[in-house]
Amino acid sequence: MKFTPEEEQALQRSIEALRQFPHLRRAMIEALQMEELFAVPGRLDELTQIVQQILTRLTTVETLAAEAKQEAQEAKQAALEAKQEAQEAKQIALEVRDRVEKLEHSVADLKGDSEELKARKRIPSVLGRYFKKMRIYDSEQLYPLIGETLILDEEGAVELLDADLFVHAQTKSSQQEYWLVVEVSWGVGMSDVQRAYERAAILQKHGYPALGVAMGRAVTRDAEQLAQELGVLVAQDGKIIGAQPPQ
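None of these values were measured; they are calculated from a predicted model. Numbers given to residues run from 1 along each chain, matching the order in which its sequence is written. Local features are withheld for residues below a pLDDT of 70 in this predicted model, meaning they are given only at 70 or higher, and side-chain atom pairs are given and counted only at 80 or more; totals for whole chains, interfaces and linings count all residues. As a rule here, side-chain values come from all non-hydrogen atoms in the structure, and water together with hydrogens is ignored.

Enquirer: Explain the pairing of strand β7 (residues 233-236) to me, please; I cannot follow it from the model alone.
Expert: Residues in a regular strand point their side chains to alternate faces of the sheet. We call two strands paired when DSSP finds no fewer than two bridges between them. Under the scheme used here, helices are H or I runs from DSSP no shorter than 4 residues and strands are E runs no shorter than 2 residues, and both carry numbers assigned from the N terminus. Here strand β5 (residues 210-216) runs beside β7; their pairing, made up of four bridges, is parallel. Across the sheet, Gly-216 pairs through a bridge with Gln-236, a residue of β7. One ladder, built from four bridges, connects β7 with strand β8 (residues 239-242); its direction is antiparallel. In the strand pairing of β8, Val-234 is matched with Ile-241. Counting the residues that bridge the hairpin from β7 to β8 gives two residues, and of these Asp-237 lies at a positive phi of roughly 50°.

Listed below in C-alpha cells is the structure:
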C-alpha cells in the first residue's frame, strides 16, 4: 500500500508517540478495536510451552530410538554369537559323527577279522565233509602262487586277491581239484554271494576249476536264493546251504 506524504508523516508521528509513551499503545489498540492483540502474549507463552513439550517429546523419542538402536545392535550381536555357537556345535557334531563312523568301521573291521579267523578254523570241519587235502590261504599267502601255480592276468589277480580266504582241495568222491574262493561276513548278503561268484569266475576264466563260498553266522533269504542260482556254496553256522558241493 502506498501512502501520501501527509499520511506517512502522520504515521511516523504516531509511531514516535507510541515509542515515547508506551502506555498509549493499549489505548491505540482499543481505539482501533484490535483487542485480540492483547491475547497474543499469552498465546505466545502457550505456543512456547507447546514447543517446549514437543522438544521434550522429541528428546524422549530420540532417546528411545537410541536405546532401540542399541538394543537392536545387541540383538544382532547376540544373533551373530548364537550363529557362531551353532556353527561350532555343528562342527563338533560332525567331528563326533566322524569319530563314531571311524569307530564303527574299526569295530566292523575287528568283527571281520574275527570272523575270518573263526572261518579259517572252521573251514576244515565245514568243508571237510566234501573235500580233502585242503590247503587254506589268505591273500598274502596266495600272492606268491600267482605267476607260478596260478597264471592270471594282472586285472584278474588284483580282483581275486581282494577275497578273504582261498582253499585248494580235492573232492572226496571224484578226486577233482578245486579252488574255493571264500567271502566271510558277519551276515551273508547278496553282495557277499555275488563277490564270491565273480572272484571264482576269474579262476574259471583262466582254466582253473573254482567255486565261490560265502560264510557267515546268518544268511538273508535273497542271498540264499541267489547262491542257488549262481552255484555258490553258503556256509551258515557250520552247515552248507544254497548250492550243493560237487561230488
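Back to the write-up after that little detour.
Enquirer: Looking at this model, I keep getting lost on the nonpolar core. Mind explaining?
Expert: In summary, soluble globular proteins display a tendency toward joint burial of nonpolar side chains. Formed by 20 residues in total, the largest nonpolar core has its most connected members in Ile-123, Leu-127, Phe-131, Val-167, Leu-180, Val-182 and Met-215. Discounting chain neighbours no more than four positions away, the residues touching Val-167 are Ile-123, Met-134, Arg-135, Ile-136, Tyr-178, Trp-179, Leu-180 and Val-182. Judged by nonpolar contacts, the second largest core, of 17 residues, contains Leu-145, Leu-152, Leu-160 and Leu-161. Buried Ala, Val, Leu, Ile, Met, Phe, Trp, Tyr and Cys residues form a nonpolar core when they are joined through side-chain atoms within 4.5 Å. Buried means the residue's accessible area, taken with a 1.4 Å probe over protein chains only, is under 20% of the maximum for its type, while exposed means over 50%, and partly exposed covers the values in between. Should any heavy atoms of two residues lie within 4.5 Å, those residues are considered in contact.

Enquirer: I'm lost on helix α6 (residues 190-205) in this one. Help?
Expert: In an α-helix, one turn spans 3.6 residues, which is why side chains three or four residues apart end up on the same side. Taking 1.5 Å per residue as the helical rise, α6 with its 16 residues ought to reach 22 Å, and the 22 Å between its terminal C-alpha atoms agrees with that figure. Burial in α6 covers these residues: Asp-192, Val-193, Ala-196, Arg-199, Ala-200, Ile-202 and Leu-203. Contacts made by the buried residues of α6 are with α5 (154-160), β3 (177-184), β4 (187-188), β5 and α7 (221-230). A helix is expected to reach a length of 1.5 Å times the quantity of its residues less one.

Enquirer: Would you take a moment to explain the side chain of Glu-183 for this structure?
Expert: Its place among the elements puts Glu-183 in strand β3. Any N or O atom pair separated by 3.5 Å or less is treated as a polar contact, with the protein-specific requirement of one donor-capable and one acceptor-capable atom, and with residues adjacent in sequence counted only for side-chain atom pairs. Among the polar contacts listed, one links the side chain of Glu-183 to the side chain of Arg-199, at a separation of 2.6 Å. Those residues in contact with Glu-183, other than ones at most four positions away along the chain, are Ala-163, Asp-164, Asp-192, Arg-195, Ala-196, Arg-199, Val-213, Ala-214 and Met-215.

Enquirer: How should I be thinking about unusual backbone geometry in this particular structure?
Expert: With the exception of glycine, the majority of residues adopt a negative phi angle, and the majority of peptide bonds are in the trans configuration. Backbone geometry places Lys-133, a non-glycine residue, at a positive phi of 50°. When you line up the elements, Lys-133 lands in strand β1 (residues 131-137). Using a relative accessible area of 60% as the deciding quantity, one classes Lys-133 as exposed. Even without being a glycine, Gln-175 presents a positive backbone phi close to 65°. Along the chain, Gln-175 turns up in the loop between β2 (165-171) and β3. What makes Gln-175 partly exposed here is its relative accessible area of 37%.

Enquirer: Would you mind showing me how to read the sheet that holds β2 here?
Expert: Note: strands within a sheet are paired through backbone hydrogen bonds, in either parallel or antiparallel orientation. What the six strands build is an open sheet, ordered β1-β2-β3-β5-β7-β8; its pairing is mixed. Both edges of this open sheet fall to β1 and β8, since each of them pairs with a single strand only. The average undirected angle you get between the axes of adjacent strands in this sheet is 30°. Across the sheet, α6 is in contact with β3 and β5; its angle to β3 comes to roughly 150°. Axis definition: a line fit to C-alpha positions, over the contact stretch in the case of helices; interaxial angles, taken between N-to-C directions, run 0 to 180 degrees.

Enquirer: Would you mind showing me how to read the packing of aromatic side chains here?
Expert: Where two aromatic rings form a pair, the distance of their centres and the angle of their planes describe that pair. Pairing of aromatic rings covers Phe, Tyr and Trp, the last through its six-membered ring, and needs centres within 6.5 Å; plane angles under 30 degrees mean stacked, over 60 mean edge-to-face, and all others mean tilted. Taken as a whole and assessed by the stated rule, the structure comprises two aromatic pairs. Ring geometry for Phe-131 versus Tyr-178: centroids 6.4 Å apart, planes at 75°, classification edge-to-face. Of this pair, Phe-131 sits in strand β1 while Tyr-178 sits in strand β3; the two residues are 47 residues apart in sequence, bridging distant segments of the chain. Each of the two residues, Phe-131 as well as Tyr-178, counts as buried.

Enquirer: Is there a simple way to think about α7 in this case?
Expert: Taken together, the buried positions of α7 are occupied by Ala-223, Leu-226 and Ala-227. Relative to the axis of α7, the buried residues are bounded by an arc of 105° and lie together on one face. Facing away from the buried side of α7 by more than 90 degrees, the exposed set consists of Arg-221 and Glu-229. Against β4, α6, β6 (218-219) and β7 lie the buried residues of α7. Just past α7, the residue Gly-231 takes up positive phi, approximately 80°. Directions pointing from the helix axis toward each C-beta atom define the arc.

Enquirer: Is there a simple way to explain the pattern of salt bridges in this structure?
Expert: Pairing of side chains with opposite charge becomes possible as their charged atoms draw close. When a carboxyl oxygen of Asp or Glu lies within 4 Å of a side-chain nitrogen of Lys or Arg, that pair is called a salt bridge. Considering all chains together, one arrives at five salt bridges under this definition. Glu-183 is paired through a salt bridge with Arg-195; the nearest N and O atoms lie 3.6 Å apart. With Glu-183 in strand β3 and Arg-195 in helix α6, the pair connects residues that are twelve residues apart, well separated along the chain. Note on Glu-183: relative accessible area 3%, which makes it buried. Note on Arg-195: relative accessible area 30%, which makes it partly exposed. Each of Glu-159, Glu-183, Asp-192, Arg-195 and Arg-199 takes part in one network of salt bridges that share partners.

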